[in-house]
Amino acid sequence: MKIEEVKNTAKTQRISAHTHIKGLGLDENGNAIQFAAGLVGQEMAREAAGIVVDMIRSKKMSGRAILFAGPPGTGKTAIALAIAQELGNKVPFCPMVGSEVYSSEIKKTEVLMENFRRAIGLRIKETKEVYEGEVTELSPLETENPVGGYGKTVSHVVIGLKTAKGTKQLKLDPLIYESLQKEKVEVGDVIYIEANSGAVKRQGRSDNYATEFDLEAEEYVPLPKGDVHKKKEVIQDVTLHDLDVANAKPQGGQDIMSMMGQLMKPKKTEITDKLRKEINKVVNKYIDQGIAELVPGVLFIDEVHMLDIETFTYLHRALETAIAPIVIFATNRGQCVIRGAEDIISPHGVPLDLLDRLLIIKTLPYSRSEIEQIIKLRAVTEGLQLEDEALTVLSELGARTTLRYVVQLLTPASLAAKINGRSSIKKEDIEEVKRLFLDAKSSAKILTQQKDKFMK
Ligand SMILES: Nc1ncnc2c1ncn2[C@@H]1O[C@H](COP(=O)(O)OP(=O)(O)OP(=O)(O)O)[C@@H](O)[C@H]1O
Ligand SMILES: [Mg+2]
């Protein structure tokens, strides 16, 4: 199994509707602070989420599942993302939406399996013999090409490494020169070279150069302590999916044969069940030997009622396997039909046997004053000015309709204000956009009143 060049395949995404959320906002006893870390109210659900975070951190919860259930706009997605914030970036958190499984190219279960493995981390600890230090010189030595011709080749490279304790000059193989170039190593960088494999890792720029004029963002690291040649504990955090991808790719080299191979083979070979089994085997071996540690993360499936009976069955089975993440579901459905089983009605659209093994956290509708706090918070996040009167109108409206509706009215209202030549949102702006954009309830009312005018 290849673990040297594993790339991080975490999904990057912007969830702009939730950018104000920074965590669960709990005190040291795990009690929810009414307004903290960008969250307002919903205390019970937040405290429950706090316990879930503790269980995940103490690794007591592999293979378990949680369901957030509540009416639309009550903060289910928001709290799930707050859990991710609390866990930090060392614990994998993989968000997905139920409907993502429907693709014409990939099997439903394959989509689920991939996300499952994105949510399981592996921390690999290895003690390696390395040469580490700040690069003081870097000079390739060239000789005539022994095969003939006019070109010159690098016969070896001389590199100087400095630590707080001393300096050392190394004469290295030309192959290592290539990896030095790949990592873009320059004089003044702090690097380490693995003695066995010759792999080069650039850790950052040395502190001594911190004042130099630099346009690019750089990470500055202190001058390493100890000897240049030493044993070093190297820690790598990867997910099982990272390992799948790294091992499924055709392994290209520098020689012509593999170049040809790359041209003829498709870019990415498929991740097969067989490959996954093999990787699991190696992973288990590493865990037994104490080299690696399993970090079960979180798979968050929003809008879980979008899954169908086939995927539910698959999920249920996957939760039983030895290596499983914690799965968090969220839904705003009450009693409804399970997809793919057209006559079975079940709570939240989830089969009863799966439902039976879930811990359910409910979210409740917000009070008027909580809605007011959230609107204020969103206005600050979006950089909008809101007059007190406008805020009152909005929060009253929110109590009658939904939180989501009034939060969404903010941007159009600010545009209306701008058109009227103002920088802050007034009551009139709210009234204006309220007339232009309906909420779901009023829209439904109009539909029933004017039934005969619409097509069926
Ligand atoms: N307690 C809260 N504090 C601060 N902001 C919140 C809170 N609850 C919800 N929000 C914000 O209100 C909006 C709607 O909430 P969210 O999307 O989490 O609702 P939901 O329960 O997932 O709804 P749905 O069932 O429709 O998916 C989001 O912008 C969210 O960030
Ligand atoms: Mg949601």
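All values reported here derive from a predicted model rather than from experimental measurement.

## Section: the packing of helix 3 (residues 108-118) against helix 5 (residues 240-248)
The relative placement of two packed helices comes down to the angle between their axes together with the axis-to-axis distance.
Alright, step 1. For the pair helix 3 and helix 5, interaxial distance at closest approach is 6 Å and the crossing angle is 115°. Classified by the angle between their axes, helix 3 and helix 5 sit roughly perpendicular to one another. Two secondary-structure elements touch here, helix 3 through Glu-114, Arg-117 and Arg-118 and helix 5 through Leu-240, His-241 and Asp-244.
Alright, step 2. Of the residues assigned to the contact of helix 3 with helix 5, the class counts are one nonpolar, one polar and four charged.

## Brief notes about the sheet that holds strand 4 (residues 93-97)
Alright, step 1. Read across the open sheet, the five strands follow the order 4-13-14-3-17; overall the sheet is parallel. The sheet is open, and its two borders are formed by strand 4 and strand 17 (358-362), each paired with just one other strand. Strand-to-strand, the axes of this sheet are offset by a mean angle of 20°, without reference to chain direction.
Alright, step 2. Of the pairings in the sheet, the one linking strand 13 (residues 298-302) to strand 14 (residues 326-331) comprises four bridges and is parallel in character. Directly across from Leu-299, in strand 14, lies its bridge partner Val-327.

## Remarks on the pairing of strand 6 (residues 152-162)
Alright, step 1. Here ten bridges tie strand 5 (residues 120-144) to strand 6, and the two strands are oriented antiparallel to one another. If you follow Leu-138 over to strand 6, its bridge partner there is Ile-159.
Alright, step 2. One ladder, built from six bridges, connects strand 6 with strand 7 (residues 167-172); its direction is antiparallel. In the sheet register, Leu-161 faces strand 7, and the bridge partner there is Lys-168.
Alright, step 3. Between strand 6 and the antiparallel strand that follows it, strand 7, lie four residues.

## Description of unusual backbone geometry
Most peptide bonds adopt trans geometry, and most residues besides glycine take a negative phi value.
Alright, step 1. Despite not being glycine, Ala-37 has its phi angle at roughly 55°, a positive value.
Alright, step 2. For Ala-37, the location among the structural elements is in the loop between strand 1 (35-36) and strand 2 (39-40).
Alright, step 3. Its relative accessible area of 32% is what places Ala-37 among the partly exposed residues.
Alright, step 4. A positive phi is found at Gln-42, a non-glycine position, where the angle reads about 50°.
Alright, step 5. Secondary-structure assignment places Gln-42 in the loop between strand 2 and helix 1 (43-57).
Alright, step 6. Its relative accessible area of 8% is what places Gln-42 among the buried residues.

## Description of the site of ligand 1
Alright, step 1. With respect to spatial proximity, 20 residues lie near ligand 1, and among them Val-40, Lys-76, Thr-77, Tyr-366 and Arg-404 are the closest.
Alright, step 2. Between Thr-74 and ligand 1, the recorded distance is 3.2 Å, taken from a backbone N or O atom to an oxygen atom.
Alright, step 3. A per-element tally of the shell around ligand 1 places helix 2 (residues 76-87) first, with three residues.
Alright, step 4. Split into classes, the residues belonging to the shell around ligand 1 amount to nine nonpolar, eight polar and three charged.

## Concerning the packing of helix 10 (residues 368-381) against helix 12 (residues 403-419)
Alright, step 1. The contact between helix 10 and helix 12 brings their axes to 10 Å, and the two run at 30°. In terms of their interaxial angle, helix 10 and helix 12 are classed as roughly parallel. Relative to helix 12, helix 10 is oriented so that their crossing is right-handed. Along its contact with helix 10, which presents Ile-371, Ile-374, Ile-375, Arg-378 and Ala-379, the element helix 12 presents Leu-403, Val-406, Val-407 and Leu-410.
Alright, step 2. Here the contact of helix 10 with helix 12 is composed, by residue class, of eight nonpolar, no polar and one charged.

## Things to note about the pairing of strand 14
Alright, step 1. Counting buried residues along strand 14, six of its six residues qualify, which places the element largely inside the surrounding structure.
Alright, step 2. Side chains Ile-326, Ile-328 and Ala-330 of strand 14 all project onto a buried face; the interleaved residues Val-327, Phe-329 and Thr-331 project onto the opposite face, where all are buried too.
Alright, step 3. For strand 3 (residues 65-69) and strand 14, the ladder comprises five bridges, and the chain directions are parallel. Residue Ile-66 lies in a different strand from strand 14, and its bridge partner there is Ile-328.
Alright, step 4. Once you follow strand 13 into helix 8 (residues 309-319) and on to strand 14, the crossover reads as right-handed.

What counts, and at which threshold
- Residues numbered from 1 in each chain as written.
- Chains lettered and ligands numbered in written order.
- Predicted model: local features only at pLDDT ≥ 70, side-chain atom pairs only at ≥ 80, totals over all residues.
- Heavy atoms only, no water.
- Axes fitted to C-alpha atoms, helices over the stretch in contact; angles between N-to-C directions.
- Helix = DSSP H or I, 4+ residues; strand = E, 2+ residues; numbered from the N terminus.
- Parallel < 35°, antiparallel > 145°, perpendicular 65-115°, else oblique.
- Contact = heavy atoms within 4.5 Å.
- Nonpolar A, V, L, I, M, F, W, Y, C, P; charged D, E, K, R; others polar.
- Pairing = 2+ DSSP bridges.
- Buried < 20%, exposed > 50% of the residue type's maximum accessible area, 1.4 Å probe, protein only.
- Near = heavy atom within 4 Å.
- Polar contact = N/O pair within 3.5 Å; in protein donor to acceptor, adjacent residues only side chain to side chain.
- Left-handed = near helix turned anticlockwise from the far one by under 90°.
- Right-handed = clockwise from strand over helix to strand, strands pointing away.

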